[in-house]
Amino acid sequence: MTARTLYDKIWDDHLVDQAEDGTCLLYIDRHLVHEVTSPQAFEGLRMTGRKVRAPQKTIAVPDHNVPTTLDRANAATMTEDSRIQVEALDKNAKDFGINYYPVSDVRQGIVHIVGPEQGWTLPGMTVVCGDSHTATHGAFGSLAHGIGTSEVEHVLATQTLIQRKAKNFKVEITGSLRPGVTAKDITLSVIGATGTAGGTGYVIEYCGQAIRELSMEGRMTVCNMAIEGGARAGLIAPDEKTYAYCMGRPHAPKGAAWEAAVTYWKTLFSDEGAHWDKVITLKGEDIAPVVTWGTSPEDVLPITGKVPSPSDFTGGKVEAVQRALDYMGLTPGQNLSDIKIDTVFIGSCTNGRIEDLRAAAAILKGKKKKDGIRAMVVPGSGLVRAQAEEEGLAQIFIDAGFEWRLAGCSMCLAMNPDQLAPGERCAATSNRNFEGRQGRGGRTHLLSPAMAAAAAITGHLTDVRDLMTATV
Amino acid sequence: MDKFTKLTGIAAPMPLVNIDTDMIIPKQFLKTIKRSGLGVNLFDEMRYNLDGSEIADFVLNQPAYRQSQIIVAGENFGCGSSREHAPWALLDFGIRCVISTSFADIFYNNCFKNGILPIVMPQDVVDVLMEDAKKGANARQTIDLDAQTVTTSDGRVFPFDVDAHRKDCLINGLDDIGLTMVKAKAIDNFEHKAAALRPWA
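The model shown is predicted, which means the values in this text are computed figures rather than measured ones.

Caption draft 1: Region of interest: the overall build of chain A. Of regular secondary structure, chain A possesses 16 helices and 19 strands. Here the C-alpha radius of gyration of chain A, 21 Å, is about what a compact globule of 472 residues would show, namely 23 Å. The dimensions of chain A, computed from C-alpha atoms along their principal axes, are 55 × 55 × 50 Å.

This is the structure:
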């Protein structure tokens, strides 16, 4: 039998139909739905008299619009248009009989955190959602990617997606990470190396010792940003850590079904000799804590670096860099660690899981944020929030002067009350530093939770390694 | 979906690379439950000042380009968020075709679902089309989907590739869902087989 990649195997096991011209129909195991990209799709079903084909495989949760302040049960905290969108999801979930976690449910949170947490996401599945960060679920060795609203309607109606197969891209991270370096630094460094279009047309499989050594939370952070590198999806082959994470989750199989599932999951790896269309290798030891300086996730450098000059670039990037520096209010040659910040945001589907909060709390323990800095922690789900409170992390954040919020997408995309003012500069653990992403005129520097915590303490972008106590 | 066959129109030059979907339609306009009406907010933060007045320099605010139907863009157009509001906003403004050296995957798919034709051309061709677009309103380009060609205002013709299935859907204005539902039997069979192989899924 021909040697296959993990992507090839998942693809083959979900192929419903292949037309002569190569157009394929792929079966979808899990369809995640949120309030922003679904109302037009449900409306389409109503207009054509169609039903949801597999409501038991469809899971909805509101996250983008919901306020994260403690008073959010008060409807006045939401703008009218946000409220209409959330109410539309409430109604659509009920009318079409799909699984639903409303705002009032403790399990509510960011869709990409809730899916794995509840055991909906399992190895070898196909997972889609009308959201580009669906790539997150690839951490389980499931083929997961974002789709548009027309495709949401297509999946609701048919439980399939029309696809053409992507190419295979292997990203290997050898060796081990150094202290202070995290999954976020891996994924940003990969984008720095490949560019935001480097993955276009590919599915990435991340592998190598440094990836194996990551927890499931870390692997989700890596896969989450595969889309920022342009890839359709990011994958990591499942292993014992994956099974341990899934076991006992509400929607994971139990008993004999669990044993059968694990037997199947153990076949999910890229075969020796499988064909790769593209390969890059980074040494884990060479990866430093990084920050972004521009308005594209590829604008990334080690924290020890300096703001580049447009003349360091070629082609269309010269104009883009000048525009980015003007927007970000930065000068070429400036030390990245001298950049003063106004706000710290810890949260999002990239870094809103328990391990992220632990990493930030480890830096903040016994310390205070710098005066005048606005700092907030937004857990990725109600259950992450509860666990952080139980572990004493919430108190560390509160003692350090952070706001301790309820779950939601929050300031990652500012569709809710959490936004930057024009010119306000933010150290953010989220995934996009685009112009206006966190609020019109807002300036975003992407970094890891530990680096965000360090910036909160000093008031400027900071090498977290300078704040870490020496380990024996 | 409106059919796309042949289009002759004004092409707006947007050489900036990595134009993302947050630029095309900022997040505050995603709170709609409709597909229409987004054209007025297309490129909102590049197009308007905070007080709502127009930024005169922005290409679509210039008199020559206010009726543009084509955009010639820098590489990696449509990157970032999966929001289909981006092609909805382009379409509502009147854009039916975007030409670039590369597009982000999800945006590229979303265009075809809305009667917009994204065309990938090599850098040297995009350079020619960009210069042609800079000539203004009298320099109309022609897109012929059936022939798979772009013709500049001075008659230079460049061929392009497009997936046969997608081309067929655009030319005939076909609805994907209806086409897939014809294959319901194959989906039933797959589900039956998968239930035995992967009962937990």
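Caption draft 2: Examining the overall build of chain B more closely. When its secondary structure is counted, chain B shows eight helices and seven strands. In terms of overall dimensions, chain B has C-alpha extents of about 60 × 40 × 25 Å along its principal axes. In chain B, which comprises 201 residues, the share counted as buried stands at 46%. Here the contacts in chain B between residues at least 6 apart in sequence split such that 67% fall between residues at least 24 apart.

Caption draft 3: How the structure looks around the sheet that holds strand 7 (residues 143–146) of chain A. Residues and elements named next belong to chain A. Judged by pairing direction, the sheet is parallel, and its five strands sit side by side in the order 5-4-3-6-7 without closing on themselves. Every other strand in the sheet has two partners, leaving strand 5 (99–100) and strand 7 as the edge strands with one partner each. One ladder, built from three bridges, connects strand 3 (residues 30–33) with strand 4 (residues 58–60); its direction is parallel. What sits directly across from leucine 32, in strand 4, is isoleucine 59.

Caption draft 4: Summary view of helix 13 (residues 354–364) of chain A. All names here are of chain A. Helix 13 sits mainly inside the fold: eight of its 11 residues count as buried. When helix 13 is considered as a whole, its buried residues turn out to be Ile354, Asp356, Leu357, Ala359, Ala360, Ala361, Ile363 and Leu364. After helix 13 finishes, the residue glycine 366 shows a positive phi value of roughly 75°.

Caption draft 5: Spotlight on unusual backbone geometry. All names here are of chain A. The backbone of glutamine 159 sits at a positive phi, close to 60°, despite the residue not being glycine. Summarising the element assignment, glutamine 159 is placed in the loop between helix 5 (149–158) and strand 8 (160–163). Residue class for glutamine 159 comes out buried when judged on the 22 C-beta atoms lying within 10 Å of it. For serine 410, which is not glycine, the phi dihedral falls at a positive 50°. Turning to its location among the elements, serine 410 is positioned in the loop between strand 17 (403–404) and strand 18 (425–428). Here serine 410 falls in the buried class, since 33 other C-beta atoms lie within 10 Å of it.

Caption draft 6: Quick look at the interface of chain A and chain B. Residue-level contacts link 59 residues of chain A with 46 residues of chain B. Counting residues per element, the ones that place at least two in the side of chain A that touches chain B are strand 1 (15–18), strand 2 (24–27), helix 2 (39–48), helix 3 (80–96), helix 5, strand 8, helix 10 (255–265) and helix 11 (317–328) of chain A. It is helix 5 of chain A that contributes the most residues to the side of chain A that touches chain B, seven residues altogether.

Caption draft 7: Quick peek at the nonpolar core. Counting 200 residues, the largest nonpolar core has Val344(A), Ala360(A), Ala452(A), Val72(B) and Ile99(B) as its most contacted members. Taken together, domain 1 (9–165) and domain 2 (292–466) of chain A each give at least three residues to this core, which thus spans both. Setting aside chain neighbours within four positions, we find Ala360(A) in contact with Ile346(A), Pro449(A), Ala450(A), Ala452(A) and Ala453(A).

Caption draft 8: Structural detail: the domain arrangement of chain A. Residue and element names in this part refer to chain A. With domains assigned, chain A is organised as domain 1 (9–165) and domain 2 (292–466). Computed over C-alpha atoms only, the centres of domain 1 and domain 2 are separated by 28 Å. Residue-level contacts link 23 residues of domain 1 with 22 residues of domain 2. Here the side of domain 1 that touches domain 2 gets four residues from one element, more than from any other, and that element is helix 4 (residues 111–117). The class makeup of the residues in the side of domain 1 that touches domain 2 is eight nonpolar, 11 polar and four charged.

Caption draft 9: Fine view of the environment of Phe96(A). Residue and element names in this part refer to chain A. Looking at the secondary structure, you find phenylalanine 96 in helix 3. Since 18 C-beta atoms lie within 10 Å of it, phenylalanine 96 is described here as partly exposed. Between the C-alpha atom of phenylalanine 96 and that of serine 410, which follows or precedes it by 314 residues, the distance is 28 Å. Sequence-distant contacts of phenylalanine 96, that is, excluding residues within four places in its chain, are made with Phe42, Val52 and Pro55.

Caption draft 10: Structural detail: the sheet that holds strand 19 (residues 443–446) of chain A. If you walk across this open sheet you meet the five strands as 17-16-15-18-19 (chain A), and the pairing is parallel. With one partner strand each, in any of the chains shown, strand 17 and strand 19 of chain A form the two edges of the open sheet.

Caption draft 11: Highlighting the pairing of strand 15 (residues 343–346) of chain A. Residue and element names in this part refer to chain A. Side chains Thr343 and Phe345 of strand 15 all project onto a buried face; the interleaved residues Val344 and Ile346 project onto the opposite face, where all are buried too. Examined bridge by bridge, strand 15 and strand 16 (residues 374–377) share four bridges and lie parallel to one another. Residue pairing across strands places isoleucine 346 opposite valine 377, the latter belonging to strand 16. Examined bridge by bridge, strand 15 and strand 18 share three bridges and lie parallel to one another. Residue valine 344 lies in a different strand from strand 18, and its bridge partner there is alanine 427.

Caption draft 12: Examining the pairing of strand 8 of chain A more closely. All names here are of chain A. Burial along strand 8 is two-sided: Thr160 and Ile162 and Leu161 and Gln163, pointing in opposite directions, are all buried. Taken together, the four bridges between strand 2 and strand 8 define a ladder with antiparallel strand orientation. Bridging across to strand 8, cysteine 24 finds its partner in glutamine 163.

Caption draft 13: Up close: helix 4 (residues 105–112) of chain B. Burial within helix 4 of chain B is extensive, with eight of its eight residues counted as buried. Taken residue by residue, helix 4 of chain B has Asp105(B), Ile106(B), Phe107(B), Tyr108(B), Asn109(B), Asn110(B), Cys111(B) and Phe112(B) as its buried positions.

Caption draft 14: Structural detail: the environment of Val40(B). In this structure, Val40(B) sits in the loop between helix 1 (21–24) and helix 2 (44–47). Sequence separation between Val40(B) and Ile25(B) is 15 residues, and the spatial gap between their C-alpha atoms is 9.9 Å.

Caption draft 15: Seen up close, the packing of helix 6 (residues 183–194) of chain A against helix 8 (residues 216–224) of chain A. Residue and element names in this part refer to chain A. Interhelical geometry of helix 6 versus helix 8 gives an angle of 20° and a closest axis separation of 8 Å. The angle between helix 6 and helix 8 falls in the class roughly parallel. Crossing geometry of helix 6 relative to helix 8 is assigned as right-handed. The residues of helix 8 that touch helix 6, namely those facing Ala183, Lys184, Ile186 and Thr187, are Gly218, Thr221 and Val222. Here the contact of helix 6 with helix 8 is composed, by residue class, of three nonpolar, three polar and one charged.

The rules behind these values
- Residues numbered from 1 in each chain as written.
- Chains lettered and ligands numbered in written order.
- Predicted model: local features only at pLDDT ≥ 70, side-chain atom pairs only at ≥ 80, totals over all residues.
- Helix = DSSP H or I, 4+ residues; strand = E, 2+ residues; numbered from the N terminus.
- Rg over C-alpha atoms; globule rule 2.2 N^0.38 Å.
- Buried ≥ 20, exposed ≤ 12 C-beta atoms within 10 Å, placed from the backbone.
- Contact = placed C-beta atoms within 7 Å.
- Pairing = 2+ DSSP bridges.
- Core = buried A, V, L, I, M, F, W, Y, C linked by C-beta atoms within 7 Å.
- Domains from an automatic or database assignment.
- Nonpolar A, V, L, I, M, F, W, Y, C, P; charged D, E, K, R; others polar.
- Axes fitted to C-alpha atoms, helices over the stretch in contact; angles between N-to-C directions.
- Parallel < 35°, antiparallel > 145°, perpendicular 65-115°, else oblique.
- Left-handed = near helix turned anticlockwise from the far one by under 90°.

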